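What the coordinates show
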Amino acid sequence: MKIGVIGMGYVGLIQSVGLANIGFNIVGIDVDKEKVEKLNRGIVTIHEPGVEELLKKNLNKLEFTTSYEKIKKCEVIFICVGTPQDKHGKANLNYVFSAVESIKGNLSDGYKIIAVKSTVPVGTNRKIKEILKVEDVDIVSNPEFLREGSALEDFFNPDRVVLGFENEKKEKARESMLRIYKLFKDKGVPFLITNWETAEMIKYASNAFLATKISFINEIGNICKKLGIDVYEVAKGMGYDKRICGKFLNAGIGFGGSCFPKDVKALIAKAKEIGEEARILEEIIKVNEKQPLKIFEIIRQKGIDLKNKKVAVLGLTFKPNTDDVRESRAIVIIKKLLEEEAIIYASDPMGTENMKKIFPENENLKYLSNPQEAVDKSEIVLLLTEWPNFKELNFGDKLIIDGRNIIPKEKRKNLNYEGICW
Ligand code: UGA
């Protein structure tokens, strides 16, 4: 079976190399000519552990192109383009619809399946059907659940596979999708076969729930800090309860990335559109927006004026093992530090180049490749991403504000240490 994948970002690239490794022949399409050329040479333009190795290993089964003509020979086409946030908080579906139009202009005779992996609001798969207006095409909603930084591991070991079909008559589409994901079925991974709208909502509700856990534990953490309680002990105690589950209860400066903030806002926008209140969802965002500012509360409480204070900002990416800085909490914190006229020494193993595009170097902001140098030059150290090497640094007696529970408890005693909410 030949498979087409539209969009060579995080989702599409993982889907392509993952399916190629299983044994399928893949045509990967992207509008970015330079990216396509690099991929054909086995070069990956994003940082994601293991992907370049797997790409190189399977190059004989992968063809990357900018031309939609190549999908004529594909039986199944995955849409994996981005759905960024528009100015009203809604998901911008322009890339999805433009991919659909391009597919429509290149449909050959014969049956095809279009599988939508992009995160799209409820009703989008139905709209795609209206745009296509072709009989011999089935549309499947097949949301992705990959985490950046461990996307390949998630691809090969999914917790579930969700497949949404127009109706139960779509036997042929179901068979083809089950053939693609047979490996997972054989491993005993649960499959949920449902309709389009349910599949679309499963994706949003899953991300919103994970974001809820984070904002919840951050709020508990803020209360705990005032009461002198370690929220990490509390989370541990809660997590032993299987109904709660300890995962995603790591308190800190809040969630970033290209998914949680955007998807929760898109779900709020959907609720508004249908005249429904989304009070919990709105609070998740509000808690998350306030959480990084707790750093400044701590600084104020210590009576420190940030003007001309030298501050090391360690960690720029929204999480470790990626170079992605989208919606990173470091953005909010750097912005505020610059407003307060602090002098920033920023360091990150992978995120510097991307952060420079948002905040170019200036006389108040320098990027240093060596985090120890940033610490040595500064009076205050902010730990914002849990890169493992940060805990090995020598902090002396500088004030450390830990936003991610990086410094182990036993090391804190001899340091000038403050946890953000513990
Ligand atoms: C998230 C979901 O975890 C994936 O299942 C989903 O497929 C993906 O979004 C998506 O929709 O594409 P991702 O954004 O890559 O994945 O990263 P996460 O590991 O979920 O972390 C998101 C943010 O939450 C990070 O800033 C992280 O530091 C923060 N976080 C996570 C916490 O603050 N505490 C936690 O306990 C966990």
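Presented here is a report on the structure given in the accompanying data block. (Residues numbered from 1 in each chain as written. Predicted model: local features only at pLDDT ≥ 70, side-chain atom pairs only at ≥ 80, totals over all residues. Heavy atoms only, no water.)

**Points about the overall build of the protein**
Secondary structure assignment for the protein yields 17 helices and 14 strands. Expected size for 422 residues packed as a compact globule is a radius of gyration near 22 Å; at 23 Å, the protein falls within 12% of this value. Projected onto its principal axes, the C-alpha positions of the protein cover 70 × 45 × 40 Å. Burial statistics for the protein: of 422 residues in total, 53% are counted as buried. Considering only residue pairs separated by 6 or more positions, the protein has 70% of its internal contacts joining residues 24 or more positions apart. Put simply, the protein shows about 19700 Å² of open surface, and 51% of that area lies on carbon and sulfur atoms. Seen as two clouds, the 67 positive and the 61 negative side-chain charges of the protein have centres 1 Å apart. (Helix = DSSP H or I, 4+ residues; strand = E, 2+ residues; numbered from the N terminus. Rg over C-alpha atoms; globule rule 2.2 N^0.38 Å. Buried < 20%, exposed > 50% of the residue type's maximum accessible area, 1.4 Å probe, protein only. Contact = heavy atoms within 4.5 Å. Areas by Shrake-Rupley, 256 points an atom, 1.4 Å probe, with all protein chains shown as cover. Lys, Arg positive; Asp, Glu negative; His and termini not counted. Charge placed at Lys NZ, Arg CZ, Asp CG, Glu CD.)

**Comments concerning the nonpolar core**
Grouped together as the largest cluster of nonpolar side chains are 55 residues, with contacts concentrated most on Ile295, Val313, Leu314, Leu337, Met355, Leu382 and Leu383. Setting aside residues no more than four positions away along its own chain, Leu383 makes contact with Leu314, Phe390, Phe395, Ile400, Ile401, Asp402, Gly403, Arg404, Ile406 and Ile407. Residues Val17, Ala20, Phe156 and Val161 belong to the second largest nonpolar core, which totals 40 residues. (Core = buried A, V, L, I, M, F, W, Y, C linked by side-chain atoms within 4.5 Å.)

**Let's talk about the side chain of Lys213**
Topologically, Lys213 is positioned in helix α9 (residues 196-227). Among buried charged residues, Lys213 stands out as having no salt bridge; its nearest opposite-charge side chain is Asp241, 10 Å away. A polar contact is formed between the side chain of Lys213 and the backbone oxygen of Ile244, at a distance of 3.2 Å. Apart from the residues within four sequence positions on either side, Lys213 is in contact with Ile244, Cys245, Lys247, Phe248 and Leu249. (Salt bridge = Lys/Arg side-chain N within 4 Å of Asp/Glu carboxyl O. Polar contact = N/O pair within 3.5 Å; in protein donor to acceptor, adjacent residues only side chain to side chain.)

**Digging into the pairing of strand β5 (residues 112-116)**
Counting buried positions along β5 gives five out of five residues, so the element sits mostly inside the fold. Because side chains alternate across β5, one face comprises the buried residues Lys112, Ile114 and Val116, and the other comprises Ile113 and Ala115, equally buried. Relative to β5, strand β4 (residues 76-79) is paired through four bridges, and the arrangement is parallel. Following the sheet pairing, Ile77 is matched in β5 by Ile114. Following the chain from β4 across helix α4 (residues 94-104) to the adjacent parallel β5, one finds a crossover that is right-handed. Judged from the five bridges that link them, β5 and strand β6 (residues 137-141) form a sheet pairing that is parallel. Within β6, the residue paired with Ile114 across the bridge is Ile139. Since β5 and β6 lie parallel, the crossover through helix α5 (residues 124-132) that links them has a hand, and here it is right-handed. (Pairing = 2+ DSSP bridges. Right-handed = clockwise from strand over helix to strand, strands pointing away.)

**Considering the site of the ligand**
In the vicinity of the ligand lie 20 residues, with Glu144, Glu148, Lys203, Asn207 and Phe318 positioned nearest. The backbone of Leu146 places a nitrogen or oxygen atom 2.8 Å from an oxygen atom of the ligand. Contact distances for the ligand include 2.8 Å between an oxygen atom and a backbone N or O atom of Phe318. Elements with a contribution of two residues or more to the shell around the ligand: α9 and α11 (260-273). Looking at which element gives the most residues to the shell around the ligand, the answer is α9, with three residues. (Near = heavy atom within 4 Å.)

**Re the environment of Asn364**
By the element assignment, Asn364 lies in the loop between α15 (352-358) and β11 (365-367). Looking at Asn364, the relative accessible area reads 19%, which means it is buried. Between the C-alpha atoms of Asn364 and Ser215, which are 149 residues apart in sequence, the distance is 32 Å. With residues near it in sequence (within four places) discarded, Asn364 still touches Leu338, Glu341, Ala342, Ile343 and Ile344. A distance of 2.9 Å separates a polar atom in the side chain of Asn364 from the backbone oxygen of Ala342.

**Digging into the sheet that holds strand β12 (residues 380-383)**
Backbone-to-backbone hydrogen bonds join strands into a sheet, with any given pair of strands oriented parallel or antiparallel. The parallel open sheet is built from six strands, whose spatial order is β11-β10-β9-β12-β13-β14. The strands lining the two open edges of the sheet, one partner per strand, are β11 and β14 (416-419). Direction aside, neighbouring strands of the sheet carry axes that sit 20° apart on average. Note: strand β10 (residues 343-347) against β11, three bridges, orientation parallel. Paired with Tyr345 across the bridge in β11 is Lys366. The sheet strands contacting helix α13 (residues 294-301) are β12, β13 (399-402) and β14, and the helix crosses β13 at an angle near 150°. (Axes fitted to C-alpha atoms, helices over the stretch in contact; angles between N-to-C directions.)

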